Amino acid sequence: MSPDPRAILEPSAVRLGLVARDKADALRQCGAVLVEIGAASSAYADALFEREKSVSTYIGEGVAIPHGTNESRVSIERAAIAYLQFPDGIDWDGNQVQVCIAIASRSEEHVDILQSLATVLMDPESAAALREASSVDDVVALLSPQA
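Heads up: these notes are all about the structure in this document. Position labels on residues start from 1 in each chain and follow its written sequence. Reporting of local features is limited, given that this is a predicted model, to residues whose pLDDT is at least 70; pairs of side-chain atoms are given and counted only at 80 or more, and all residues count toward the totals for whole chains, interfaces and linings. Only hydrogens and water are set aside; all other atoms, that is, all heavy atoms of the structure, feed into the side-chain values.

### Details of the overall build of the chain
Part 1: What counts as a helix is a DSSP run of H or I of at least four residues, what counts as a strand is a run of E of at least two, and both are numbered from the N terminus. Summing up its helical and strand segments, the chain has six helices and five strands in all.
Part 2: The C-alpha radius of gyration computed for the chain amounts to 14 Å, which stays within 12% of the reference 15 Å derived for 147 residues, consistent with globular compactness.
Part 3: When its C-alpha atoms are laid out on the principal axes, the chain stretches across 40 × 35 × 25 Å.
Part 4: The buried label goes to any residue with under 20% of its type's maximum accessible area, the exposed label to any with over 50%, and the partly exposed label to all in between, with areas taken from a 1.4 Å probe on protein chains only. By residue count, 49% of the 147 residues in the chain fall in the buried class.
Part 5: Sequence separation of 24 or more characterises 68% of the internal contacts of the chain that already satisfy a separation of 6 or more.
Part 6: Of the roughly 7,100 Å² of accessible surface on the chain, 51% is carried by carbon and sulfur atoms.
Part 7: Distance between charge centroids for the chain: 6 Å, based on 11 positive and 22 negative side chains. Radius of gyration: over C-alpha atoms. The globule rule applied is 2.2 Å multiplied by the number of residues raised to the 0.38 power. Here a residue-residue contact requires only that any non-hydrogen atoms of the pair lie within 4.5 Å. Every accessible area reported is derived by Shrake-Rupley at a probe size of 1.4 Å, with residue values counting cover from the shown protein chains alone. Think of it this way: Lys and Arg go in the positive column, Asp and Glu in the negative one, and His and the chain ends go nowhere. Working definition for charges: the position is that of NZ of Lys, CZ of Arg, CG of Asp or CD of Glu.

Right, here's the structure in full:
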């Protein structure tokens, strides 16, 4: 049985209206939230940069999904995701990113959320709602798997 997705996306991990100087600043903020909510250690937060060096985590529609390397999974305390919104956008290797969904997962606990994210991003109106969300409840509703 998969865990309750709301346990993976806690309201305390949703951050709206942030500003980042650049991609590195956004990655630092993503790692800091995962550490702050007790999902991962600072070593995992550092690994977000390592992953980004090997492959961009930009997935389209203004969204990036920063996550660590496979080797860094030992630094994960529990499965969690964090939603960080940057309304003004960040240059992410030539793409504009307004939302980072930072992932800490040792195995497949986050798959239901990623499936919900894929569904949201396939619909332009839902993708816009995700980028422009104005409340924590809106974000949680958008990213919660549909029963």
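### Describing the nonpolar core
Part 1: Nine residue types can take part in a nonpolar core, namely buried Ala, Val, Leu, Ile, Met, Phe, Trp, Tyr and Cys, and a core is a set of them joined through side-chain atoms within 4.5 Å. Counting 24 residues, the largest nonpolar core has Leu34, Trp92 and Cys100 as its most contacted members.
Part 2: Here Cys100 is in contact with Ala26, Cys30, Ala64, Pro66, Ala82, Tyr83, Leu84, Phe86 and Trp92, once residues within four sequence places are set aside.
Part 3: One finds Ala79, Ile101, Ile113 and Leu130 within the second-largest nonpolar core, a separate group that totals 22 residues.

### Some points on the sheet that holds strand E1 (residues 14–15)
Pairing between sheet strands relies on hydrogen bonds along the backbone, with the strands arranged either parallel or antiparallel.
Part 1: Ordered by their spatial adjacency, five strands build an open sheet running E1-E4-E5-E3-E2, and the pairing between neighbours is mixed. Each end of this open sheet is capped by a strand with a single partner; those strands are E1 and strand E2 (58–60).
Part 2: A pair of strands is considered paired only if DSSP assigns at least 2 bridges between the two. Where strand E3 (residues 63–64) and strand E5 (residues 95–104) come together, two bridges link them in parallel fashion. When the bridges of E5 are listed, Ala64 appears paired with Cys100.

### Some words on the pattern of salt bridges
Part 1: A carboxyl oxygen of Asp or Glu within 4 Å of a side-chain nitrogen of Lys or Arg is what we treat as a salt bridge. Evaluated as defined, the whole model comprises seven salt bridges.
Part 2: A salt bridge links Lys23 to Glu52; its shortest N-O distance comes to 3.7 Å. With a gap of 29 residues between them, Lys23 in helix H2 (residues 23–36) and Glu52 in helix H3 (residues 42–54) connect regions that are remote in the sequence. This pair shows no difference in class: Lys23 is buried, exactly as Glu52 is.
Part 3: Two residues, Glu50 and Lys53, come together in a salt bridge whose shortest N-O distance is 3.2 Å. Note that Glu50 and Lys53 are positioned in helix H3 at a spacing of three residues, about one turn of the helix.
Part 4: Judged by its relative accessible area of 42%, Glu50 falls in the partly exposed class.

### So, helix H4 (residues 111–122)
Part 1: Helix span, as expected, comes to 1.5 Å for every residue beyond the first. A rise of 1.5 Å per residue sets the reference length of H4, with its twelve residues, at 16 Å; its end C-alpha atoms lie 16 Å apart and thus fit the reference within 8%.
Part 2: All buried positions along H4 are accounted for by Ile113, Ser116, Leu117, Val120 and Leu121. All buried residues of H4 project into a common sector of 135° when viewed along the axis, lining one side. Think of it as the arc spanned by the lines of direction from the helix axis to the C-beta atoms.

### What to know about the state of the cysteines
Part 1: By disulfide we mean two sulfur atoms from cysteines, separated by a distance within 2.5 Å. For the coordinates displayed, the defined rule picks out zero disulfides.
Part 2: Just so you know, Cys30 is unpaired, no disulfide at all, and the nearest cysteine sulfur is the one on Cys100, 4.1 Å from it.

### Focus: the environment of Ser41
Part 1: Turning to its location among the elements, Ser41 is positioned in the loop between H2 and H3.
Part 2: Residue classification places Ser41 among the partly exposed positions, given a relative accessible area of 23%.
Part 3: In this structure, the C-alpha to C-alpha distance between Ser41 and Ile8, residues 33 residues apart in sequence, is 16 Å.
Part 4: Other than its neighbours up to four places away in sequence, Ser41 contacts Val35 and Ser75.

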